[in-house]
Amino acid sequence: MSGVVSYDLLMSKIGGVGSGFTSEGGIYETFINATGATSIKGTIVVASTTTNFAVGIAPANAQLAIGAIYENGVANGSPVKVVTYGKAQVLLKDTLASTRGYWCGVSDTAGRMYQAASVPSTTEHNREIGHSIESVVAGTNVLATIQMHFN
């Protein structure tokens, strides 16, 4: 077999029941939404401390982030896709812009990202979630694309 393979065919062959690839180029895993609310795409999450196989919203300045929610509108207690590596759209802290090439980390606002032109101190560096690959203007509830990885 040769030629172009569709995204749907690729997913049917290599995507698992609880994992797969996003159309943007990220890898997602499925967790239980234990955020206490309907999911919001781009929210940075941590492993839940109250529910097995679940995620909660990353606290301000968190050093234990595991990904960003991929889907809007998933009810609390339901399965939700979380991007854990690769290209991901992440919510910026309100009023902050995104600059391609910048370092990205968990901000002082729960579930949100901030960026820096250079790698911050060791303590802050442990909040890293990746590197910006998209410049966007500041606003409210703005998504910016990053190349996600963790320390």
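The structure under discussion appears in the preceding block.
Residues numbered from 1 in each chain as written. Predicted model: local features only at pLDDT ≥ 70, side-chain atom pairs only at ≥ 80, totals over all residues. Heavy atoms only, no water.

Please give an account of the overall build of the protein that cites residues and values.
What the protein contains, in helices and strands, is two helices and 10 strands. The order of α-helices and β-strands along the protein, N terminus first, is α-β-β-β-β-β-β-β-β-α-β-β. Radius of gyration (C-alpha) of the protein: 15 Å, near the 15 Å computed for a compact globule of 151 residues. Projected onto the principal axes, the alpha-carbon positions of the protein cover approximately 50 × 40 × 30 Å. Of all intrachain contacts in the protein linking residues separated by at least 6 positions in sequence, the fraction that spans at least 24 positions is 54%. (Helix = DSSP H or I, 4+ residues; strand = E, 2+ residues; numbered from the N terminus. Rg over C-alpha atoms; globule rule 2.2 N^0.38 Å. Contact = heavy atoms within 4.5 Å.)

Now, about the pairing of strand 9 (residues 128-132): what can you tell me, with residues and values included?
Taken across its five residues, strand 9 has four buried, putting it largely inside the fold. Of the pairings in the sheet, the one linking strand 7 (residues 103-106) to strand 9 comprises three bridges and is antiparallel in character. Its bridge partner lying in strand 9, G105 is registered against E128. (Buried < 20%, exposed > 50% of the residue type's maximum accessible area, 1.4 Å probe, protein only. Pairing = 2+ DSSP bridges.)

Mind laying out the nonpolar core, listing which residues take part and the relevant values?
With 20 residues, the main nonpolar core has I44, V90, V106, M113, I129, I146 and M148 as its most contacted residues. Of all elements in the fold, only strand 3 (44-47), strand 5 (65-69), strand 6 (79-91), strand 7 and strand 10 (143-148) reach the threshold of two or more residues within this core. Core analysis: the second largest hydrophobic core is formed by seven residues, F31, V74, V80 and V82 among them. (Core = buried A, V, L, I, M, F, W, Y, C linked by side-chain atoms within 4.5 Å.)

Describe the packing of aromatic side chains, naming the residues involved and giving the relevant values.
Within the structure shown, the criterion is met by one aromatic pair. Look at W103 and Y114: their rings are 5.4 Å apart centre to centre, the planes differ by 70 degrees, and that puts the pair in the edge-to-face class. Note that W103 is positioned in strand 7 and Y114 in strand 8 (residues 113-116), a separation of 11 residues in sequence. Residue class for Y114 comes out buried when judged on its relative accessible area of 13%. Residue placement shows K81 over the ring face of Y28; its charged tip is 4.9 Å from the ring centre. (Phe/Tyr/Trp six-rings, centres within 6.5 Å; stacked < 30°, edge-to-face > 60°. Lys NZ or Arg CZ within 6 Å of the ring centre and 35° of its normal.)

Lay out the side chain of T22 in plain terms, naming residues and giving numbers.
Structurally, T22 can be placed in the loop between strand 1 (19-21) and strand 2 (26-33). At 2.8 Å, the side chain of T22 forms a polar contact with the backbone nitrogen of G26. (Polar contact = N/O pair within 3.5 Å; in protein donor to acceptor, adjacent residues only side chain to side chain.)

So what's going on with unusual backbone geometry? Residues and values would help.
With glycine set apart, most residues show a phi of negative sign, and most peptide bonds adopt trans. Phi angles above zero are rare outside glycine, and T95 is one such case at about 75 degrees. Tracing the chain through its elements places T95 in the loop between strand 6 and strand 7. The phi torsion at N141 lies on the positive side, around 55 degrees, for a residue other than glycine. Structurally, N141 can be placed in the loop between strand 9 and strand 10.

Please set out the environment of D94 residue by residue, giving values where relevant.
Position of D94 relative to the elements: it lies in the loop between strand 6 and strand 7. As for D94 and G139, which are separated by 45 residues in sequence, their C-alpha atoms are 5.8 Å apart. With near-sequence residues (within four places) excluded, D94 lies in contact with R112, G139, T140 and N141.

Explain the pattern of salt bridges to me, and be specific about the residues and the numbers.
With the rule as written, the count across this model stands at three salt bridges. The partner of E24 in a salt bridge is K41, with the nearest N and O atoms 4.0 Å apart. Placement of E24 in the loop between strand 1 and strand 2 and of K41 in the loop between strand 2 and strand 3 is noted, with a sequence separation of 17 residues between them. Look at E24 and you get partly exposed, because its relative accessible area is 33%. (Salt bridge = Lys/Arg side-chain N within 4 Å of Asp/Glu carboxyl O.)

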